[in-house]
Structures are given as structure tokens and as C-alpha cells.
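Descriptive structure summary
If you want the building blocks of each chain, they are given just below.
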Amino acid sequence: MIVCIAVVGHQNNPLYIQSFTEADDALKLHHIVHCSLDVVDERVNNPKKSGPMLNETFLGLLYPTENYKVYGYLTNTKVKFILVTTDLDVRDADVRNVSAY
């Protein structure tokens, strides 16, 4: 289940953050989204190690936490889409299909 979606600008400024949980978890999810930006920057700046191909927008699993998995997309204009899920057994192919919508 998707618990948070965030759209982050090319200068890491939040454009939109929506959490689909209780208000108590919203701050924790905002923190997870913020921390995932470091992983996105690391993958984009070091493409040889673990980053995407130049034409790849799906960054894959950014990092798992105890209760969540965080996935990322990067557009050509460097806008980032961060997706936080509670499904710990979800496959990358399933999450990749979200971008088709």
C-alpha cells in the first residue's frame, strides 16, 4: 500500500507531499522522503556504481526501513518522484508500473 507520495523540484525543494496515513505518521514520512533525496543525489552523481542509465527514469528501491520501502523516479528536468510503501514484499516491476499512469 502506498503511504506517501512526494514531488521534489530540481533544487530539492518540496513541490508536493501527500501522506495517506494518520497525522502522527506524517512527520515521520516527511523525514523519510527528505532522507531519500540523499540517496537519489548519490545515484545520480555516481552512475557507475549503482545509478540508473542515462535514459532510465526509474531509480528503483532507494532504501528500505523497518516498516517502509522507498522508491524513486527522476524526470529529464531533474524533478524527483518519491514513493513510500508499506508492502515489504513488493517487486520492483510492480512499482515501475506506477509511472505508466
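Looking up the chain in an unreviewed UniProt entry gives the name Trafficking protein particle complex subunit 2-like protein, with the organism given as Ambrosia artemisiifolia. Quoted verbatim from the Sequence similarities (unreviewed entry) field of the UniProt record, the comment on the chain reads "Belongs to the TRAPP small subunits family. Sedlin subfamily."

Helix and strand counts for the chain stand at two helices and five strands. Each helix and strand of the chain, placed in order from N terminus to C terminus, yields the pattern β-β-α-β-β-β-α. Expressed as a percentage of its 101 residues, the buried residues of the chain come to 35%. Taking the contacts inside the chain whose residues are at least 6 apart along the sequence as the reference set, 42% of them involve residues at least 24 apart. Just so you have it, the chain exposes about 6,500 Å², and 54% of that area is on carbon and sulfur atoms.

Bringing the side chain of Ser 19 into the picture now. Of note, Ser 19 is situated in strand S2 (residues 14–19). Residues contacting Ser 19, with those up to four places away along its chain left out, are Val 3, Cys 4, Ala 26 and Leu 29.

Glancing now at the pairing of strand S1 (residues 2–8). Counting buried positions along S1 yields five of seven residues, so the element is predominantly enclosed. Inspection of the sheet shows S1 paired to strand S5 (residues 80–85) by six bridges, in the antiparallel sense. Looking across to S5, one finds that Val 8 is bridged to Lys 80. In the sheet, S1 pairs with S2 via five bridges, with the strands oriented antiparallel. Note that in S2 the partner of Ile 5 across the bridge is Gln 18. From the end of S1 to the start of S2, which pair antiparallel, there are five residues, and Asn 12 there has a positive phi angle of about 60°.

As for its position among the elements, Arg 91 is in the loop between S5 and helix H2 (92–96). Residue Arg 91 is classed as exposed on the basis of its relative accessible area of 53%.

Rules used in this analysis
Residues numbered from 1 in each chain as written. Predicted model: local features only at pLDDT ≥ 70, side-chain atom pairs only at ≥ 80, totals over all residues. Heavy atoms only, no water. UniProt positions renumbered as here; feature names shortened; annotations may be inferred. Helix = DSSP H or I, 4+ residues; strand = E, 2+ residues; numbered from the N terminus. Buried < 20%, exposed > 50% of the residue type's maximum accessible area, 1.4 Å probe, protein only. Contact = heavy atoms within 4.5 Å. Areas by Shrake-Rupley, 256 points an atom, 1.4 Å probe, with all protein chains shown as cover. Pairing = 2+ DSSP bridges.

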